[in-house]
Amino acid sequence: MNGENGRGDSQVSCGTKGSGRSSEDSHKHKDKHKEKEHRHKDHKKDKERDKIKHSNSEQKEHSEKKHRDKEKLKHSDGSSDKHREKHKDKEKRKEDRNQTSHSDKHKKEKENGYVREKSPAAIKSEPEDDNSFYPSPKHNKTSKRECDDEEFEYKPKKVKVEHDKKAKKRKHEYEEDEEDEDVKHKKKTKDKKSSEGKKAKKEEEEKWKWWEEERSTDGSKWRFLEHKGPVFAPSYEPMPDKVKFYYDGKPMKLSAPAEEVATFFAKMLDHEYTTKDIFRKNFFKDWRREMTSEEKSKITDLNKCDFGEMNEYFKAQSEARKQMSKEEKQKIKEENERLLQEYGFCIMDNHKERIGNFRIEPPGLFRGRGDHPKMGMLKRRIRPEDIIINCSKDSKHPKPPPGTKWKEIRHDNKVTWLASWTENIQGSIKYIMLNPSSRIKGEKDWQKYETARRLKKCVDRIRAQYREDWKSKEMRIRQRAVALYFIDKLALRAGNEKEEGETADTVGCCSLRVEHIKLYPKLDDQEYVVEFDFLGKDSIRYYNKIPVEKRVFKNLQLFLENKQSEDDLFDRLNTSILNKHLQELMDGLTAKVFRTYNASITLQQQLKELSCSDDNIPAKILSYNRANRAVAILCNHQRAPPKTFEKSMQNLQTKIDEKQNQLSAARKQLKAAKADHKASHDEKSKKAVELKRKAVQRIEEQLMKLQVQATDREENKQIALGTSKLNYLDPRISVAWCKKWGVPIEKIYNKTQREKFAWAIDMAEKDYEF
DNA sequence: CCCTTAACTTAGCATGGTGTAT
DNA sequence: ATACACCATGCTAAGTTAAGGG
């Protein structure tokens, strides 16, 4: 069923990253990413690619007719100033009108293909309502449209029962919450009896199936919210006097504020960050700001600063921490647990929910990723006065630490955060929000996958359209169409514009520059190859060579005309334009939905392809990991090879060799036993043969397991599976797969992941189709 | 509009606890 | 019991997107 919608995996083969420096010249920022370099090992990748590569066939190109209107498409002049071009677009709007016949057609398609006709069935058009996918018993009972079942996997009976139970429970809890909270808390933490009660309640909470409840439709995120506020970073503890800081070779006692900032630097001394010019410059500037005027006049050169002793001190400290006795460690653990119990949860709409990050980020030196212009700047300490608290009016408001106040307390139930503050490096806002296992996050996650599944239903239509748009007379339409093709085929990110000089220079699809692609009319045995080489999110390099359709290729050539290498490839496109267009194609469609969709559909396809019924469990898991890996490659989820990789690989190999020896020994014994049996034909020897046979079998299995493990690890060397598992793969696919093949879910999801995906684990059956 | 910003998701890395082998 | 590898977890940076305001 999904087959026709998938794209024959062509995208899977594309995520390969190439080797190191070859294409570096095209990189403005080449030298700055040394630390990432080691990732770009390719023979490994080639192997990987071969494994999951499939016919990379594009549909046959129709012979491209010469477009007579090429003139129109030409860049007006050498300029690539986006804004100027944009004005031209405005002028062109008249032309757009011509296009309306075009877009009208699309609208109609839209109605037929996906947006159901509203009038006939008198059913509220669900896809237009974002909340529509939530099970609504009424609907499902009366309206039996295919899509309902498909979208909801709805099991009316079960839900009904649960609902009733739920209702009772909710009432119960509600009554409980009516009690004086204060009294309750005290009671619970004090005596044992009530702590049991607490446990019971907790268990109840853990079973809460929010996914079987209806969701609010008015845009509010909650009705009641109570929490204790954030936990602040521990205050600064001055250095012992014996630990000295030296300036120009002479010991110097620093004022507390200056000393604190100095310790941040001292702690990082053996990180290569501290050798970078920008880092040092930024640090020094910010550090001086914390100094007394006296210090400021003395300390004028960072190179004359010696943080060595401080650095040693911290190393000793962490060593001491490791050496702590069990009891001490236990004590710390308990303290952490207490903090978690007190501050790690909130009450949201009658349920106790886990908070994601209840600790405020401690001060320190900012470490951006990649080549960040602000690296080394001081991330200042956050005080209560910086914090905005969000909670219910009728809740017990969190108390600020004695002698302080909050910046503000607000009661905004249109947002999900409990507290926020503005960070001083980028001026962006940081939030305290709930854990992924919470209702509020889970619903959103579920919704994300439902949107992706809706895309599945209309992706053919959308693809047909962008292919059509490659021929448009309008430059902006063509650019949009080619960009969308990349986003779809290569799972590129949208690519917002970024303020230059404020962040690392990274790009996504819409912000690709001329320097990031190379065109090869012919490369080896392939035609129309595009080579991508750019730094994406987190300054992770994306390197890929892929053959594209001729028309795309020609368009790219056109886009490149008269441009400099630092000019935008899609000078008439940005994420806002693209997303507006996507919104018109499907309700809720944005660029990132393609990533979710393609990731999930790829997993499903790969699982189908790779799973083999007579595999044992480890082999099945290997298949799963391979499917997962295909997605990670598609999404370019890389990691630095683990530091201990080589060594642990060696260890594993040793184990394998040992096993092999064991095996041949066991085989010999088996042979001997057989011979023995042949000679004597007695019961005893027969039993011995059986015994030996079993032993051989067991060892074979163990060997197999080890080999599988080795393969898996090798293939995973620089690929991170976690990100896609956590963010892109509809968990119901995995759950269904586990059920189908009898693989315990614990083999696929760890505890945290099971908590996050509880909804999927509960609702997906073995026949679930994404 | 067009730009800014709030809100929320996605991302890789450090680290420290845990489980396993010795 | 100890050492060590591994993995879960926390952390926080860096994206995307929609909405709001000038």
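Residues numbered from 1 in each chain as written. Chains lettered and ligands numbered in written order. Predicted model: local features only at pLDDT ≥ 70, side-chain atom pairs only at ≥ 80, totals over all residues. Heavy atoms only, no water.

Draft legend 1. A look at the UniProt feature "coiled-coil region" (unreviewed entry) in chain A. The feature "coiled-coil region" (unreviewed entry), as annotated in UniProt, sits at residues 315–342 and 649–716 in this numbering. Measuring from the first to the last C-alpha atom of residues 315–342 gives 31 Å, for a span that is 93% helix and 0% strand. Helix makes up 96% of residues 649–716 and strand 0%, whereas the separation of the span's terminal C-alpha atoms amounts to 12 Å. (UniProt positions renumbered as here; feature names shortened; annotations may be inferred. Helix = DSSP H or I, 4+ residues; strand = E, 2+ residues; numbered from the N terminus.)

Draft legend 2. Looking closely at the pairing of strand 5 (residues 345–348). Here strand 5 shows two buried faces, one formed by Phe345 and Ile347 and the other by Cys346 and Met348. Sheet analysis places strand 1 (residues 225–226) next to strand 5, joined by 2 bridges and oriented antiparallel. Looking across to strand 5, one finds that Leu225 is bridged to Met348. Inspection of the sheet shows strand 5 paired to strand 6 (residues 351–354) by 4 bridges, in the antiparallel sense. Paired with Phe345 across the strands is Arg354, a residue of strand 6. Counting the residues that bridge the hairpin from strand 5 to strand 6 gives 2 residues, and of these Asp349 lies at a positive phi of roughly 45 degrees. (Buried < 20%, exposed > 50% of the residue type's maximum accessible area, 1.4 Å probe, protein only. Pairing = 2+ DSSP bridges.)

Draft legend 3. Region of interest: the packing of aromatic side chains. Counted according to the given criterion, the structure contains 29 aromatic pairs. Between the aromatic rings of Tyr273 and Phe279, the centroid separation amounts to 5.5 Å while the plane-to-plane angle is 50 degrees, which identifies the pairing as tilted. When sorted by exposure, Tyr273 lands in the same class as Phe279, which is buried. Measuring from ring centre to ring centre gives 5.0 Å for Trp470 and Tyr485, while their planes differ by 90 degrees; the resulting arrangement is edge-to-face. (Phe/Tyr/Trp six-rings, centres within 6.5 Å; stacked < 30°, edge-to-face > 60°.)

Draft legend 4. Highlighting the confidence of the model for chain A. Averaged over every residue, the pLDDT of chain A is 76; residues scoring 70 or more account for 73%. Across residues 1–72 the pLDDT falls below 50, and counting only partners more than four positions away or on other chains, this stretch makes 160 contacts in the model. (pLDDT = per-residue confidence, 0-100. Contact = heavy atoms within 4.5 Å.)

Draft legend 5. Examining the sheet that holds strand 12 (residues 429–432) more closely. Spatially, 10-9-11-12 is the arrangement adopted by the 4 strands of the open sheet, whose pairing is mixed. Whereas interior strands pair on both sides, the edge strands pair on one side only; in this sheet they are strand 10 (408–410) and strand 12. Each adjacent strand pair in this sheet contributes to an overall mean axis angle of 20 degrees, direction not counted. Judged from the 4 bridges that link them, strand 11 (residues 419–422) and strand 12 form a sheet pairing that is antiparallel. Bridged to Trp421 within strand 12 is Lys430. (Axes fitted to C-alpha atoms, helices over the stretch in contact; angles between N-to-C directions.)

Draft legend 6. Region of interest: the protein's contact with DNA strand C. Around DNA strand C sit 33 residues in total, of which Arg369, Lys430, Gly495, Lys647 and Thr752 are the nearest. Sugar and phosphate atoms constitute 89% of the interface atoms of DNA strand C, taking the interface as everything within 4 Å of the protein. Contact between DNA strand C and Asn579: a phosphate oxygen at 2.9 Å from a side-chain N or O atom of the residue. At the level of secondary structure, the elements contributing two or more residues to the surface near DNA strand C comprise helix 19 (575–585), helix 20 (591–610), helix 22 (645–680) and helix 26 (751–756). Classifying every residue of the surface near DNA strand C gives 4 nonpolar, 14 polar and 15 charged. (Near = heavy atom within 4 Å. Polar contact = N/O pair within 3.5 Å; in protein donor to acceptor, adjacent residues only side chain to side chain. Nonpolar A, V, L, I, M, F, W, Y, C, P; charged D, E, K, R; others polar.)

Draft legend 7. The sheet that holds strand 4 (residues 305–306), seen in detail. One open sheet accounts for 3 strands, arranged 3-2-4; its pairing is antiparallel. A strand with exactly one partner marks an edge of an open sheet, and here the two such strands are strand 3 (250–252) and strand 4. Here strand 2 (residues 245–247) runs beside strand 4; their pairing, made up of 2 bridges, is antiparallel. Bridging from a neighbouring strand, Tyr246 pairs with Asp306 of strand 4.

Draft legend 8. View of helix 17 (residues 475–490). Taking 1.5 Å per residue as the helical rise, helix 17 with its 16 residues ought to reach 22 Å, and the 22 Å between its terminal C-alpha atoms agrees with that figure. Among the 16 residues that make up helix 17, 15 are buried, leaving the element largely enclosed by the rest of the structure. Ala491 occupies a position one or two residues after helix 17 and carries a positive phi of about 55 degrees. (Expected span 1.5 Å × (residues − 1).)

Draft legend 9. Spotlight on the pattern of salt bridges. Tallying each qualifying case throughout the model produces 41 salt bridges. Its salt-bridge partner being Glu755, residue Lys751 comes within 3.9 Å of it at the nearest N-O pair. Within this pair, Lys751 and its partner Glu755 are both found in helix 26, separated by 4 residues, close to a single helical turn. Overall, the relative accessible area of 55% leaves Lys751 in the exposed class. Put simply, Arg215, Arg223, Asp349, Arg439 and Glu443 are held in one network by salt bridges that share partners. (Salt bridge = Lys/Arg side-chain N within 4 Å of Asp/Glu carboxyl O.)

Draft legend 10. How the structure looks around the nonpolar core. Leu455, Phe486, Phe532 and Phe570 are the most contacted members of the largest nonpolar core, which totals 79 residues. Counting residues per element, this core draws most heavily on helix 17, at 9 residues. For this core, the two domains that each supply at least three residues are domain 3 (441–588) and domain 4 (601–763). Among the nonpolar cores identified, the runner-up in size contains 28 residues, and Met310, Phe314, Leu365 and Leu378 belong to it. (Core = buried A, V, L, I, M, F, W, Y, C linked by side-chain atoms within 4.5 Å. Domains from an automatic or database assignment.)

Draft legend 11. Quick peek at the UniProt feature "domain: DNA topoisomerase I eukaryotic-type" (unreviewed entry) in chain A. Mapped onto this numbering, the UniProt entry gives "domain: DNA topoisomerase I eukaryotic-type" (unreviewed entry) at residues 365–742. Counted over residues 365–742, helix gives 51% and strand 11%. Its end C-alpha atoms are 49 Å apart.

Draft legend 12. Representation of unusual backbone geometry within the structure. With a phi angle near 55 degrees, Ala491 is a residue other than glycine that sits in the positive phi range. Mapping Ala491 onto the fold places it in the loop between helix 17 and strand 13 (517–523). When its relative accessible area of 2% is taken as the criterion, Ala491 is described as buried.

Draft legend 13. Spatial organisation of the packing of helix 16 (residues 439–469) against helix 20. Contact pair helix 16 / helix 20: the axes reach a minimum separation of 9 Å and the direction vectors enclose 90 degrees. With respect to helix 20, the element helix 16 is oriented roughly perpendicular. Listed contacts from helix 20 to Lys448, Tyr449, Thr451, Ala452, Leu455, Lys456, Val459, Ile462 and Arg463 of helix 16 are Lys592, Val593, Phe594, Thr596, Tyr597, Asn598, Ser600, Ile601 and Gln604. When grouped by side-chain class, the residues that make up the contact of helix 16 with helix 20 number 9 nonpolar, 5 polar and 4 charged. (Parallel < 35°, antiparallel > 145°, perpendicular 65-115°, else oblique.)

Draft legend 14. Seen up close, the environment of Glu342. Relative to the helices and strands, Glu342 resides in helix 15 (residues 326–343). Exposure remark for Glu342: the relative accessible area of 29% places this residue in the partly exposed category. Taking the C-alpha atoms as reference points, Glu342 and Leu535, 193 residues apart in sequence, are found 42 Å from one another. Among the polar contacts listed, one links the side chain of Glu342 to the side chain of Lys228, at a separation of 3.4 Å.

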